[in-house]
Amino acid sequence: MPENASQALVIVDAEENYYVLPREAVETAKAAPGAKAAIEAHLREQIKVPLADGYCFAGMLDLPAGDELAHYTTEASWPVATTS
């Protein structure tokens, strides 16, 4: 891939709407290793469907309506991994 090119994860829903998530957005949402158990506890079912470039779809999260994680925020919902 050329140096000035970027990558994005593209998903499509049942109504054929496309969602383009730039790699930077995906990396920003990377959960901290310590959040893995909490995430797995909220997955409807854990299935890994291979996508591309090493990504897999793991499932959809079920969150109670009153849960603060069930509402949009500009901050990462799950504790993000730190690089330090």
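This structure is a prediction, so every number in the text was calculated from the model and none was measured.

*Asks:* In this structure, what is going on with the overall build of the protein? I would like to understand it.
*Replies:* Looking only at helices and strands, the protein features two helices and four strands. If you list the helices and strands of the protein from N to C, you get β-β-α-α-β-β. Taking all 84 residues of the protein together, 5% fall into the buried category. In the protein, once contacts between residues fewer than 6 apart in sequence are set aside, the share between residues at least 24 apart is 30%. Surface accessibility of the protein: about 7,000 Å² in total, with carbon and sulfur atoms responsible for 56%.

*Asks:* Would you mind showing me how to read the pairing of strand 2 (residues 18–22) here?
*Replies:* Here is the key point about a regular strand: its side chains alternate between the two faces of the sheet. Sheet topology note: the strand 1 (residues 8–12)/strand 2 ladder contains five bridges and is antiparallel. Within the sheet, the bridge partner assigned to Ile-11 lies in strand 2 and is Tyr-19. Two successive antiparallel strands, strand 1 and strand 2, enclose a turn made up of five residues, where Glu-16 displays a positive phi of approximately 65°.

*Asks:* Is there a simple way to think about the environment of Leu-43 in this case?
*Replies:* The topology assignment puts Leu-43 in the loop between helix 2 (36–42) and strand 3 (49–50). Residue Leu-43 is classed as buried on the basis of its relative accessible area, which comes to 14%. Sequence separation of Leu-43 and Leu-61 is 18 residues, and the distance between their C-alpha atoms is 4.5 Å. Leu-43 has contacts with Ala-58, Gly-59, Met-60 and Leu-61, leaving out every residue within four places of it along the chain.

*Asks:* Sorry, what's going on with a nonpolar patch on the surface here?
*Replies:* Nonpolar side chains collect at one region of the surface, where Ile-47, Val-49, Leu-51, Phe-57 and Met-60 lie side by side and expose about 410 Å² of accessible area between them. Mapped onto the secondary structure, Val-49 falls in strand 3.

*Asks:* Please clarify how the confidence of the model for the protein should be interpreted in this entry.
*Replies:* Detailed reading of the predicted model is not advised wherever pLDDT is low. When pLDDT is averaged along the protein, the result is 78, and 73% of the positions lie at 70 or above. Per-element averaging of pLDDT across the protein places helix 2 at the bottom with 83 and strand 2 at the top with 91.

*Asks:* Hey, could you run me through unusual backbone geometry in this one?
*Replies:* Positive phi outside glycine occurs at Glu-16, with the angle close to 65°. The residue Glu-16 is located in the loop between strand 1 and strand 2 in this model. For Glu-16, a relative accessible area of 55% puts it in the exposed group.

Rules behind the numbers
- Residues numbered from 1 in each chain as written.
- Predicted model: local features only at pLDDT ≥ 70, side-chain atom pairs only at ≥ 80, totals over all residues.
- Heavy atoms only, no water.
- Helix = DSSP H or I, 4+ residues; strand = E, 2+ residues; numbered from the N terminus.
- Buried < 20%, exposed > 50% of the residue type's maximum accessible area, 1.4 Å probe, protein only.
- Contact = heavy atoms within 4.5 Å.
- Areas by Shrake-Rupley, 256 points an atom, 1.4 Å probe, with all protein chains shown as cover.
- Pairing = 2+ DSSP bridges.
- Patch = residues over 30% accessible without salt bridge, like charges linked within 9 Å, V, L, I, M, F, W, Y side chains within 5 Å.
- Salt bridge = Lys/Arg side-chain N within 4 Å of Asp/Glu carboxyl O.
- pLDDT = per-residue confidence, 0-100.

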